[in-house]
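Architecture and fold: a report
Chain residues, written in single-letter form:
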Amino acid sequence: MLILELLGTIAFSISGAIEAMKKKMDLLGVLVLGLVTAVGGGIIRDLIIGELPPASFRNPRNALIALVTAFAAFLVGAFLSSRKKPVHSILWNQALLITDAFGLGAFTVLGIQGVQQQTDYHGTAILLFVGVITGVGGGLLRDIFAGNVPYIFRKHVYATASIAGAVAYLVLQRLGYPRVAVLVSLFLVVLLRLLAAHYEWNLPRVELPE
């Protein structure tokens, strides 16, 4: 689970850094978006369950990892952009999609586990809600900081993938397969995100005239 947490932190930090560079932010903007995306969901989770101060402030390990990762992503982005043939925007979008999908799956699982470890109340509703909000919270804050309509509200079944992963995790865990639950949940979230992006799956919406 420590490995999963570290990988999720790195993945979300990269996605935040890429979004910042796409918005032409400076180094500070890249660091802030990388940090917020990586630890934002966990902070929201801790606030909901009353774990104060949030774990990211009591143990800044993940925050430091997020900052180092965002800085490394900035250096890589600067190098690739300085080439005679810079990397096409489609490749940046694909990198953002993959890292964000993995971070979403990892933190959905970690959100549920955080509730189970830190509180005595393990009702299905609170576990699902906190798992999903931990998964989507970092991306939600990233999009707000970047001036975008939050991704979870507009396309490619973002929150729906997190919900599916959370449900799969709880079902398998309660059947007595906790390790399998982690792998299946993570795989399901990533798979749904990638398929939704490839086939442009979206939830129904209504576009009212302005």
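Residues numbered from 1 in each chain as written. Predicted model: local features only at pLDDT ≥ 70, side-chain atom pairs only at ≥ 80, totals over all residues. Heavy atoms only, no water.

1. Details of the overall build of the protein
Looking only at helices and strands, the protein features 8 helices and 0 strands. Going from the N terminus to the C terminus, the protein shows its helices and strands as α-α-α-α-α-α-α-α. Relative to its length of 210 residues, the protein is compact, with a C-alpha radius of gyration of 17 Å against a globular reference of 17 Å. Viewed in the frame of its principal axes, the protein has a C-alpha envelope of about 55 × 45 × 35 Å. For the protein, the residues scored as buried account for 46% of the 210 residues in total. Counted over contacts in the protein with a minimum sequence separation of 6, partners at least 24 positions apart contribute 75%. (Helix = DSSP H or I, 4+ residues; strand = E, 2+ residues; numbered from the N terminus. Rg over C-alpha atoms; globule rule 2.2 N^0.38 Å. Buried < 20%, exposed > 50% of the residue type's maximum accessible area, 1.4 Å probe, protein only. Contact = heavy atoms within 4.5 Å.)

2. Examining the packing of aromatic side chains
If you walk through the whole model with that rule in mind, you get 2 aromatic pairs. Considering the side-chain rings of F12 and F107, the 5.5 Å spacing of their centres and the 15 degrees angle between planes classify their relative orientation as stacked. Of the two residues, F12 is situated in helix α1 (residues 2-22) and F107 in helix α5 (residues 89-118); the sequence distance between them amounts to 95 residues. Like F12, the residue F107 is buried in the burial classification. Each ring, one from Y199 and one from W201, has its centre 5.8 Å from the other, and the planes form 15 degrees; the classification is stacked. (Phe/Tyr/Trp six-rings, centres within 6.5 Å; stacked < 30°, edge-to-face > 60°.)

3. Things to note about the side chain of N148
Locating N148 in the fold gives a position in the loop between α6 (124-146) and α7 (158-174). Classification of N148 by relative accessible area gives buried; the value is 18%. Among the polar contacts listed, one links the side chain of N148 to the side chain of E19, at a separation of 2.9 Å. At 2.8 Å, the side chain of N148 forms a polar contact with the side chain of K23. Residues contacting N148, with those up to four places away along its chain left out, are E19, K23 and D143. (Polar contact = N/O pair within 3.5 Å; in protein donor to acceptor, adjacent residues only side chain to side chain.)

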